[in-house]
Amino acid sequence: MKRLQRSGLVVLVLVLGGALSGAHDAGPAAPPPAVSGAQEVTVVGVFSDPQGAHGVMLEGKRDKRRVLMVIGVAEATAIAVPLEHVTPPRPLTHDLFLTLFGRLKVQLSKVVITDLRNNTYYATLHLTVDGAPMELDSRPSDAIALAIRAQAPVYAEDRVFEKSDRLPGAPAGPGERI
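If you're wondering where the values come from, they're calculated on a predicted model, not measured in any experiment.

1. Notes on the nonpolar core
- Ranked by internal contacts, the top residues of the largest apolar core, which has 34 residues, are Val56, Ile79, Ile113 and Ile144.
- The element best represented in this core is helix H4 (residues 140-150), accounting for six residues.
- Once residues within four sequence positions are removed from consideration, Val56 is found in contact with Val43, Gly45, Val46, Val67, Leu68, Met69, Ile71, Ile79 and Ile144.

The following block contains the structure:
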């Protein structure tokens, strides 16, 4: 009798397992097509560690991969101020640039973090001037600070995620958020 109950339980587990895993389907599902290139990122926040190092965390909207870029305290402040919706009493440098852009009829359409070479990140500002596209080389921290203020999207190339994953001594995670 116990043997019958045990084998019945095994059959029940196998049937439920097969049903839940989709074994009753006609065949295996095709893997989703590989997507590569730049993906839009969210600026998760600006962080500092106990030793005083600062970083900005980006997360891909497509695949949720993260990049933590080490930045200086001034750069951290330039990103944190608009990210936290703080209005300084006087315009900061990035606010001045956006005011200048506005008066010259220049629009910031997007920012792309393009590469990581020799532990240095690279970025490009994509501007529109009199309807014509223009690209400018930029430090990523400046590009991010401008993009947040202009409410322009930030993108990161896949190679940035791939190369940052391979950095020796990459931090395990963020420290305190500022």
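2. Quick word on the pairing of strand S3 (residues 66-71)
- Alternating residues of S3 divide into Val67, Met69 and Ile71, all buried, and Arg66, Leu68 and Val70, none buried.
- Both strand S2 (residues 54-60) and S3 contribute to a ladder of six bridges, which runs antiparallel. Bridge pairing in S3 links Glu59 to Arg66.
- Hairpin remark: S2 followed by S3, antiparallel, with five residues in the connecting loop; positive phi at Lys64, about 65°.

3. So, the confidence of the model for the protein chain
- Across the protein chain, the average pLDDT comes to 81, with 72% of residues at 70 or higher.
- The least confident element of the protein chain is helix H1 (residues 2-21), whose mean pLDDT is 34; the most confident is strand S7 (residues 154-156), at 98.
- Taken as a whole, residues 1-27 scores under 50 in pLDDT and shows three contacts with residues more than four places along the chain or in a different chain.
- Predicted confidence for residues 29-33 stays below pLDDT 50, and this span has zero contacts to residues more than four positions away or in other chains.

4. A word on the pattern of salt bridges
- Evaluated as defined, the whole model comprises 11 salt bridges.
- Among the salt bridges present, the one from Asp115 reaches Lys163, with a minimum N-O distance of 2.7 Å. Linking Asp115 in strand S4 (residues 106-117) with Lys163 in helix H5 (residues 158-165), this pair joins segments that are 48 residues apart in sequence.
- Judged by relative accessible area, Asp115 falls into the buried class, the value being 9%.
- Connected via shared salt-bridge partners are Arg62, Asp63, Arg65 and Asp158.

5. Focus: the side chain of Ser164
- With respect to the helices and strands, Ser164 occurs in helix H5.
- Here Ser164 falls in the buried class, since its relative accessible area comes to 10%.
- From its side chain, Ser164 meets the backbone oxygen of Phe161 in a polar contact 3.1 Å long.

6. Here we look at the pairing of S2
- Across the seven residues of S2, seven count as buried, placing the element largely inside the fold.
- Neither face of S2 is open: one carries His54, Val56, Leu58 and Gly60, the other Gly55, Met57 and Glu59, and all of them are buried.
- Here strand S1 (residues 39-48) pairs with S2 via seven bridges, running antiparallel. Directly across from Gly45, in S2, lies its bridge partner Met57.
- The hairpin turn running from S1 into S2, its antiparallel successor, is five residues long, and Gly52 in that turn takes a positive phi close to 95°.

7. What to know about the packing of aromatic side chains
- In this structure the tally under the stated criterion is one aromatic pair.
- Positioned above the aromatic ring of Tyr155, the side-chain terminus of Lys110 is 5.4 Å from the ring centre.
- Directly above the aromatic system of Tyr122 lies the positively charged group of Arg117, at a separation of 3.9 Å from the ring centroid.

What counts, and at which threshold
- Per chain, the residues get numbers from 1 upward, laid out in the order the sequence is written.
- Two thresholds apply to this predicted model, a pLDDT of at least 70 for residue-level local features and 80 or more for giving and counting side-chain atom pairs, whereas whole-chain, interface and lining totals are computed over all residues.
- To obtain the side-chain values, all non-hydrogen atoms of the structure were included, while hydrogens and water were left out.
- As used in this record, nonpolar core signifies buried Ala, Val, Leu, Ile, Met, Phe, Trp, Tyr and Cys residues forming a set joined through side-chain atoms within 4.5 Å.
- Relative accessible area decides the class of each residue, using a 1.4 Å probe on protein chains only: under 20% of the type maximum gives buried, over 50% gives exposed, and in between gives partly exposed.
- Numbered from the N terminus, helices here are DSSP runs of H or I no shorter than four residues, and strands are runs of E no shorter than two.
- In this analysis, two residues are considered to be in contact whenever any of their non-hydrogen atoms come within 4.5 Å of each other.
- A strand pair is defined by DSSP finding two or more bridges across the two strands.
- Per-residue confidence from the predictor is given as pLDDT, running between 0 and 100.
- A carboxyl oxygen of Asp or Glu within 4 Å of a side-chain nitrogen of Lys or Arg is what we treat as a salt bridge.
- In protein, a polar contact requires one atom able to donate a hydrogen and another able to accept it; more generally it is a pair of N or O atoms within 3.5 Å, and residues adjacent in sequence count only if both atoms are side-chain atoms.
- Only Phe, Tyr and Trp rings take part, Trp by its six-membered ring, and two of them pair if their centres are within 6.5 Å. Stacked means planes under 30 degrees apart, edge-to-face means over 60, and tilted covers everything else.
- Throughout this description, the term charge over a ring refers to an Arg CZ or Lys NZ atom that lies within 6 Å of the ring centre and within 35 degrees of the ring normal.

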